[in-house]
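Listed below are the residues making up each chain.
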Amino acid sequence: MTTDRVYNVLFLCTGNSARSILAESILETEGKGRFKAYSAGSQPKGEVNPHALKELAAQGYPTAGFRSKSWDEFAEPGAPEMDFIFTVCDSAHGEACPVWIGHPMTAHWGVEDPAAVEGSEVDKGRAFAQAARFLKNRISAFLSLPLSSIDKLALESHLRQIGAMEGTTAKPAAAG
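Residues numbered from 1 in each chain as written. Predicted model: local features only at pLDDT ≥ 70, side-chain atom pairs only at ≥ 80, totals over all residues. Heavy atoms only, no water.

Draft legend 1. Local environment of the overall build of the protein. When you go through the protein residue by residue, the secondary structure sums to 5 helices and 4 strands. Helices (α) and strands (β) of the protein occur, in sequence order from the N terminus, as β-α-β-α-β-α-β-α-α. Counting over 176 residues, the protein shows a buried share of 46%. Here the contacts in the protein between residues at least 6 apart in sequence split such that 73% fall between residues at least 24 apart. (Helix = DSSP H or I, 4+ residues; strand = E, 2+ residues; numbered from the N terminus. Buried < 20%, exposed > 50% of the residue type's maximum accessible area, 1.4 Å probe, protein only. Contact = heavy atoms within 4.5 Å.)

See below:
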């Protein structure tokens, strides 16, 4: 991997309405010039969750132009070739994904679904703020990786470690 090109990153979630949208906007901004971010879902809800847009705006990230779309768009001929694909929900992680052109590196960065939180607007806002914080921390760690000087095996290990950061939904492996 070299630093003289822009890397394409796809964030996957089942509904593509909250976590994957948050991650797309955060990486698109923080990785400007080095990364192009995308998001999609296996069963897109068809609209972006308004709480996701509200949280992005509160943190100063772009909110325009996002849409809930199927991951099939990124498996079609002519779609951008992905370098990295990160699942941000456990459901999408467990699903059979399309065959991705170019064999991108993948990792699971599971975060609790803020859209599933019930309660007051304050409770919902807090859940979206927490999800955005966890995703931003993962993205910051990802952006700090020396992509041009790290071998594939070490990079895969780092990507898995990032997925295990604070807020992970992944269950620890049983001792055996």
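Okay, back to it.
Draft legend 2. Summary view of the packing of helix α2 (residues 50-58) against helix α4 (residues 121-143). Put simply, α2 and α4 touch, their axes get as near as 9 Å, and they point 65° apart. Here α2 and α4 pass one another in a crossing that is right-handed. Here His-51, Ala-52 and Glu-55 of α2 come into contact with α4, specifically with Glu-121, Lys-124, Gly-125, Phe-128, Ala-129 and Ala-132. For the contact of α2 with α4, the per-class residue count stands at 4 nonpolar, 2 polar and 3 charged. (Axes fitted to C-alpha atoms, helices over the stretch in contact; angles between N-to-C directions. Left-handed = near helix turned anticlockwise from the far one by under 90°. Nonpolar A, V, L, I, M, F, W, Y, C, P; charged D, E, K, R; others polar.)

Draft legend 3. Spatial organisation of the pattern of salt bridges. With the rule as written, the count across this model stands at 7 salt bridges. Residue Lys-36 pairs with Glu-28 through a salt bridge whose shortest N-O separation is 3.5 Å. In this structure Glu-28 comes out as buried when scored by relative accessible area, which is 17%. Salt bridges sharing partners connect three or more residues here, namely Glu-28, Lys-32 and Lys-36. (Salt bridge = Lys/Arg side-chain N within 4 Å of Asp/Glu carboxyl O.)

Draft legend 4. Molecular detail of the nonpolar core. One finds Phe-11, Phe-35, Phe-84, Phe-86, Trp-109, Phe-142 and Leu-159 to be the most contacted residues of the largest nonpolar core, which totals 39 residues. Looking at this core, the elements that each hand over two or more residues are β1 (7-13), α1 (19-30), β2 (35-41), α2, β3 (84-87), β4 (105-108), α4 and α5 (152-163). Here the element with the most residues in this core is α4; it accounts for 8 residues. Look past the residues within four positions of Phe-11 in its chain and what remains in contact with it is Ser-20, Ala-23, Glu-24, Leu-27, Ala-37, Tyr-38, Ser-39, Ala-40, Phe-86, Val-88, Trp-109 and Ile-139. (Core = buried A, V, L, I, M, F, W, Y, C linked by side-chain atoms within 4.5 Å.)

Draft legend 5. The arrangement of the packing of aromatic side chains in detail. Under the criterion given, the structure shown has 11 aromatic pairs. Relative to Phe-86, the ring of Phe-11 has its centre 5.9 Å away and its plane inclined at 40°; by these criteria the two rings are tilted. With Phe-11 in strand β1 and Phe-86 in strand β3, the pair connects residues that are 75 residues apart, well separated along the chain. A relative accessible area of 0% places Phe-86 in the buried class. Pairwise contacts between aromatic rings join Tyr-7, Phe-11, Phe-35, Phe-84, Phe-86, Trp-109 and Phe-142 into one cluster. One residue, Lys-36, lies across the ring of Tyr-38, its end atom 5.3 Å from the ring centre. (Phe/Tyr/Trp six-rings, centres within 6.5 Å; stacked < 30°, edge-to-face > 60°. Lys NZ or Arg CZ within 6 Å of the ring centre and 35° of its normal.)

Draft legend 6. Representation of the environment of Met-165 within the structure. Relative to the assigned elements, Met-165 resides in the segment after α5. Owing to a relative accessible area of 26%, Met-165 belongs among the partly exposed residues under this scheme. Contact partners of Met-165, with chain neighbours within four places excluded, come to Asn-137, Arg-138 and Ala-141.

Draft legend 7. Fine view of α5. Here α5 contains 12 residues, and its C-alpha end-to-end distance of 17 Å stays within 8% of the 16 Å for a straight helix at 1.5 Å per residue. The complete set of buried residues in α5 reads Leu-155, Leu-159, Ile-162 and Gly-163. For α5, the angular spread of buried residues about the axis comes to 100°, placing them on one side. In α5, the exposed positions angled more than 90 degrees off the buried face are occupied by Leu-153 and Arg-160. (Expected span 1.5 Å × (residues − 1). Arc of directions from axis to C-beta.)

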